[in-house]
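Survey of secondary and tertiary structure
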Amino acid sequence: MTDQAEAQDSAADPDVATRRLARESLAADDPTGWFDRLYTAAADGRAVIPWDRGMAHPLLADWVSTAEPDGSGKRALVVGAGTGWDAELIADLGFDTIAFDISPAAVEAAQQAHPDSKAQYVVADLLNPPTEWHRAFDLVVEIFTVQALPIALQPDATRQVGEQVRPGGSLVVIAAARDDGQPDADIEGPPWPLTRAGVEAFAVDDLRLIQLERVPGPSDPTSYRWRAEFLRD
Ligand SMILES: C[S@@+](CC[C@H](N)C(=O)[O-])C[C@H]1O[C@@H](n2cnc3c(N)ncnc32)[C@H](O)[C@@H]1O
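The rules behind each value
Residues numbered from 1 in each chain as written. Predicted model: local features only at pLDDT ≥ 70, side-chain atom pairs only at ≥ 80, totals over all residues. Heavy atoms only, no water. Near = heavy atom within 4 Å. Polar contact = N/O pair within 3.5 Å; in protein donor to acceptor, adjacent residues only side chain to side chain. Areas by Shrake-Rupley, 256 points an atom, 1.4 Å probe, with all protein chains shown as cover. Helix = DSSP H or I, 4+ residues; strand = E, 2+ residues; numbered from the N terminus. Contact = heavy atoms within 4.5 Å. Pairing = 2+ DSSP bridges. Axes fitted to C-alpha atoms, helices over the stretch in contact; angles between N-to-C directions. Core = buried A, V, L, I, M, F, W, Y, C linked by side-chain atoms within 4.5 Å. Buried < 20%, exposed > 50% of the residue type's maximum accessible area, 1.4 Å probe, protein only.

**As for the site of the ligand**
By nearness alone, 18 residues border the ligand, and Y39, G80, D101, D125 and I143 come closest of all. Side-chain polar atom of D101 to an oxygen atom of the ligand: 2.6 Å apart, as the coordinates give it. Within the backbone of I143, one N or O atom sits 2.8 Å away from a nitrogen atom of the ligand. For the ligand, whose free accessible area comes to 590 Å², the fraction covered by protein is 96%. Of all the elements in the fold, those that place two or more residues in the shell around the ligand are α3 (33–43) and β2 (96–101).

Written out as structure tokens, the structure is:
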């Protein structure tokens, strides 16, 4: 596709452009390569990042205002951090925050969007995270990363998210919800929204589910979101 066609495609509907990049990547058996291509195209003005809200996710902001976590002396990890708005909220609470993404262009976009950030933005792969992160974080935040991966990769991604939570630490997950009755084969991702069982699957070993809500999406009340909180004993 030419640059001009790409720009028209994206301007018409950013989701269409995103799905096209994702389809090409998935067809080439490269389930994560499209993220960097999308962020690179967005940096050049040839695409729009459909999930870039320009602010922290409202369900995370709401959790923060209720739980009032004090991050001083604590470490946080933000998974698949994209352009960094959620990481900024967490870092501003005093957490020593690492925000990672598989896409170098996303990390660059986050650094440019938040030049005075207290968070550290790094490139890393959730499916193969640095060993020093293992059970090292008081708070792990996962928003829309697992669902962005094909269903076959989700169990491994889900387990890796939980593995980064230290004993006594918390995990907050926000994900698009789908009905348990809807078969995998009916989902034309990305994204591949999570079933209730898919969210409960974060509770491995001594990581316990302490709260699970299914709430209308902040921008589209006809689609639902999971917000879940876990605690490692
Ligand atoms: C749907 S976006 C959500 C971004 C951000 N969490 C938000 O809610 O705005 C999924 C993000 O996960 C990143 N990602 C996908 N696979 C990943 C992986 N294996 N490791 C780390 N990041 C990944 C993508 O580059 C993208 O930024």
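So that's the structure; there's more coming.
**Side note on the side chain of S25**
Of note, S25 is situated in helix α2 (residues 14–27). The residues touching S25, leaving out its near neighbours within four places in the chain, are D30, P31, G33, W34 and R37.

**Let's talk about the sheet that holds strand β4 (residues 137–143)**
Spatial strand order, β3-β2-β1-β4-β5-β7-β6: 7 strands in an open sheet with mixed pairing. The open sheet has two edge strands with one neighbour each: β3 (120–123) and β6 (207–216). Along the sheet, successive strands turn relative to each other by an average axial angle of 15°, direction set aside. Note: strand β1 (residues 75–79) against β2, 4 bridges, orientation parallel. Directly across from L77, in β2, lies its bridge partner I98.

**As for the nonpolar core**
Core analysis: the largest hydrophobic core is formed by 26 residues, its most contacted members being V140, V161, L171, F202 and F230. Among the secondary structure elements, those contributing two or more residues to this core are β1, β2, β4, α7 (154–163), β5 (165–176) and β7 (224–232). Ranked by residues supplied to this core, first place goes to β5 with 4 residues. If we ignore the near neighbours within four places in the chain, the residues touching F230 are G169, S170, L171, V173, V199, F202, A203, L207, R208, L209 and I210. The next biggest cluster of nonpolar side chains, apart from the first, holds 22 residues, and it includes V78, I90, F95 and I143.

**Remarks on unusual backbone geometry**
With omega at 0°, the peptide bond leading from G189 into P190 counts as cis. Mapped onto the elements, P190 comes out in the loop between β5 and α8 (196–200). The phi dihedral of E68 falls on the positive side, at around 45°, and the residue is not glycine. Relative accessible area serves as the criterion here: at 64%, E68 is assigned to the exposed category.

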